[in-house]
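Here's the letter readout for the chains.
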Amino acid sequence: MEQKNILEIKDLHFSYNKGDEILKGLNFSLDDRTTAIIGQNGAGKTTFVKLLKGLLRPTCGSILFEGKDISTMTVAQLARHIGMVFQNPNDQIFKNRVLDEVMYGPLKIGMSETVAKEKSMAALELVGLSGFEDKNPYDLGLSSRKLVAIASIIAMDTKVIIFDEPTIAQDFYGKERIKSVIRKLRSEGVTVITIIHDMDFVADVFERVIVFAKGGVLLDGSAKDVFADEAILKEAYLEQPNVTKLCQNLGYEEVFLNTDEFVTYWRKKTG
Amino acid sequence: MAMSTEHSKIIVENLKYKYLATDFLALDGISFSVEQGEFIGIIGKNESGKSTLCQAIAGLVPNFHKGAYGGRILIDGLEVKNVELSELCKKVGIVFQNPFNQVTGSKLTVYEEIAFGLENTGIEKQEMIRRIDDAMELLDIAKYKDRNPFDLSGGQMQRMAIASIIAMQPEVIVLDEPTSQLDPQGREEVYQAVQKLSKKGITIFMVEHNMEKIASYSDRVLLLDGGRLIDFDTPQRIFSREDLDTYGVEVPAFTRICKELNLKNPGTGCYPVTLEEAYDLLSKEKREM
């Protein structure tokens, strides 16, 4: 199936200080597929995401959103198209009522009160927080607060949503909820991108994986193809998901991304 | 308390604690004891009391975070609550969950930041320099020594926070999710560094959501839920419990596979918890297939 490019990255360069290039000419496109960008600390992942949001501007090269160069758009204009969920919900949340928090973004980008409320209620339902509208976000536990932060971005109805380290400080339940939210967003046609260090989570949820290293792209492919390549991952200071590692040690040619895949395979073999 | 625990490094007796302005116990009658040099993993879902227990071991609860406190914690027979923090910090160090909350804000370089704790203990300059250099090398951050602490990335800041505690050479180190922002290999390096300290006789408490790491590094694991201690045992026995779902705890991927396939380690009667253990068991099964 032909994938429609949402974002095109063309010869993208960036440096904070002259002579010390952080991104050294990136070229790739992002489409509907859920995409995880992984790499060592300092590989340029956060810088790249800030460029997508227009918070930083390229020193050279360009980013096109649906064919249009984002350098012609202000940060405020871009906010209608590309949303980002902060790593720590406490850095994002500032209102004392859940519904106010979720409606803040939609109102800021010019939705009417009625539409903003409708979108916000739908977003809260999608993350499983219907009925929490009048609560104070700070009375909620960390995983629910994270979901409030996610809902406030979903409500803005952007084409692209970036998750910055979605699993940090999340327990098992929290991670499972975030997984299901990402799957729902995917099915609704939102392009989900993440920068993340949690390989098991990536293997479970993301279709495409891009490995950043030293300001360039080292590897780009389906989760199965990327996680099969132990040597390249090592070079990028990463590691294989736990199940993939175990199965490779056991001598299997197939690449297994999660426990279910392997257990099903094993049962079939043993009858 | 049993007599055998009388000489333990750390003894926690019926510890209870309630934060100000809340109406529930964050810690609810916790008792256990730990020997010198043990590597203790602390697990449980969000709000189960993990961070509060860490703060209590380091004396910040109740000396910094006020609230209602009951029971006691003894480190080498000293009651934590009654020891001045300035004294206690030589015995026990804590690495916060968010390194941002730990940085003093009063120092302009990473080197000075790591020196901060030592400056307040009156240690000789040569000894300070030696300890700072060692800590920076252990955490691989010597190359950032002249940077401003706030110009560091999250991962670099976490390494600096750990180094600044290690430089103090406390006998007990409490780490609250210290590697959440590190890349996988960086995380593994930090675990190996911490394991080295534990082998040298430093007692370690580690809060972590990554169960594979807990399983492969901990001598014993504390399982908390709703402020109560549910279990305190080896990783093998903890992760072989059938009720972990109830406590919002994921088992290591290796354990999950073996549970599904009903493969127990005949030696321990438990499910495997590490890659090596699962490999041994599965490769044997595979040969017989």
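None of the values given here were measured: they were computed from a predicted structure.

Caption draft 1: Just the nonpolar core, in detail. Among the nonpolar cores identified, the biggest contains 170 residues, and A:Ala151, A:Val202, A:Val211, B:Ile114, B:Ala163 and B:Val174 are the most heavily contacted of them. Residue contacts for B:Val174: discarding those within four places in its chain leaves B:Cys54, B:Ile57, B:Ala58, B:Val92, B:Ile94 and B:Phe205.

Caption draft 2: Molecular detail of the sheet that holds strand β2 (residues 27-34) of chain B. Residues and elements named next belong to chain B. Read across the open sheet, the 4 strands follow the order β2-β1-β4-β5; overall the sheet is antiparallel. Single-partner strands in this sheet number two, and they are β2 and β5 (78-79). Bridge count between strand β1 (residues 10-19) and strand β4 (residues 67-75): 8 bridges; the pairing is antiparallel. Across the sheet, residue Tyr 17 finds its bridge partner in β4, namely Tyr 69. Each of β1, β2 and β4 is contacted by helix α1 (residues 50-57), which is oriented at about 60° to β2, the strand it contacts most.

Caption draft 3: Region of interest: the domain arrangement of chain A. Residues and elements named next belong to chain A. Domain boundaries in chain A define domain 1 (1-81 + 159-174 + 187-239), domain 2 (88-157) and domain 3 (241-271). Here the C-alpha centre of domain 2 lies 25 Å away from the C-alpha centre of domain 1. Contact with domain 1, which involves 8 residues of that partner, is made by 6 residues of domain 2. Here the side of domain 1 that touches domain 2 is composed, by residue class, of 4 nonpolar, 2 polar and 2 charged.

Caption draft 4: Focus on the interface of chain A and chain B. Of the residues lining the interface, 30 residues belong to chain A; the matching set on chain B comes to 33 residues. Contributions of two or more residues to the side of chain A that touches chain B are made by α6 (142-154), α7 (172-187), α8 (199-205), α11 (242-249) and α12 (259-270) of chain A. The element contributing the most residues to the side of chain A that touches chain B is α12(A), with 6 residues. Each residue belonging to the side of chain A that touches chain B can be placed in one class, and the counts come to 14 nonpolar, 11 polar and 5 charged.

Caption draft 5: Layout of unusual backbone geometry. Residue and element names in this part refer to chain B. Between Val 61 and Pro 62 the backbone carries a cis peptide bond, its omega angle lying at 10°. Here Pro 62 shows up in helix α2 (residues 60-63). Backbone geometry places Glu 177, a non-glycine residue, at a positive phi of 45°.

Caption draft 6: Examining the sheet that holds strand β4 (residues 60-65) of chain A more closely. The 4 strands are arranged β2-β1-β4-β5 (chain A) in an open sheet whose pairing can be described as antiparallel. Each of the sheet's edge strands pairs with one partner strand only, and the pair in question is β2 (20-30) and β5 (68-69) of chain A.

Caption draft 7: Region of the structure containing the pairing of β4(B). Residue and element names in this part refer to chain B. Relative to β5, β4 is paired through 2 bridges, and the arrangement is antiparallel. Residue pairing across strands places Leu 74 opposite Glu 79, the latter belonging to β5. Count of turn residues in the β4/β5 antiparallel hairpin: 2 residues, of which Asp 76 carries a positive phi of about 50°.

Parameters at a glance
Residues numbered from 1 in each chain as written. Chains lettered and ligands numbered in written order. Predicted model: local features only at pLDDT ≥ 70, side-chain atom pairs only at ≥ 80, totals over all residues. Core = buried A, V, L, I, M, F, W, Y, C linked by C-beta atoms within 7 Å. Buried ≥ 20, exposed ≤ 12 C-beta atoms within 10 Å, placed from the backbone. Contact = placed C-beta atoms within 7 Å. Pairing = 2+ DSSP bridges. Helix = DSSP H or I, 4+ residues; strand = E, 2+ residues; numbered from the N terminus. Axes fitted to C-alpha atoms, helices over the stretch in contact; angles between N-to-C directions. Domains from an automatic or database assignment. Nonpolar A, V, L, I, M, F, W, Y, C, P; charged D, E, K, R; others polar.

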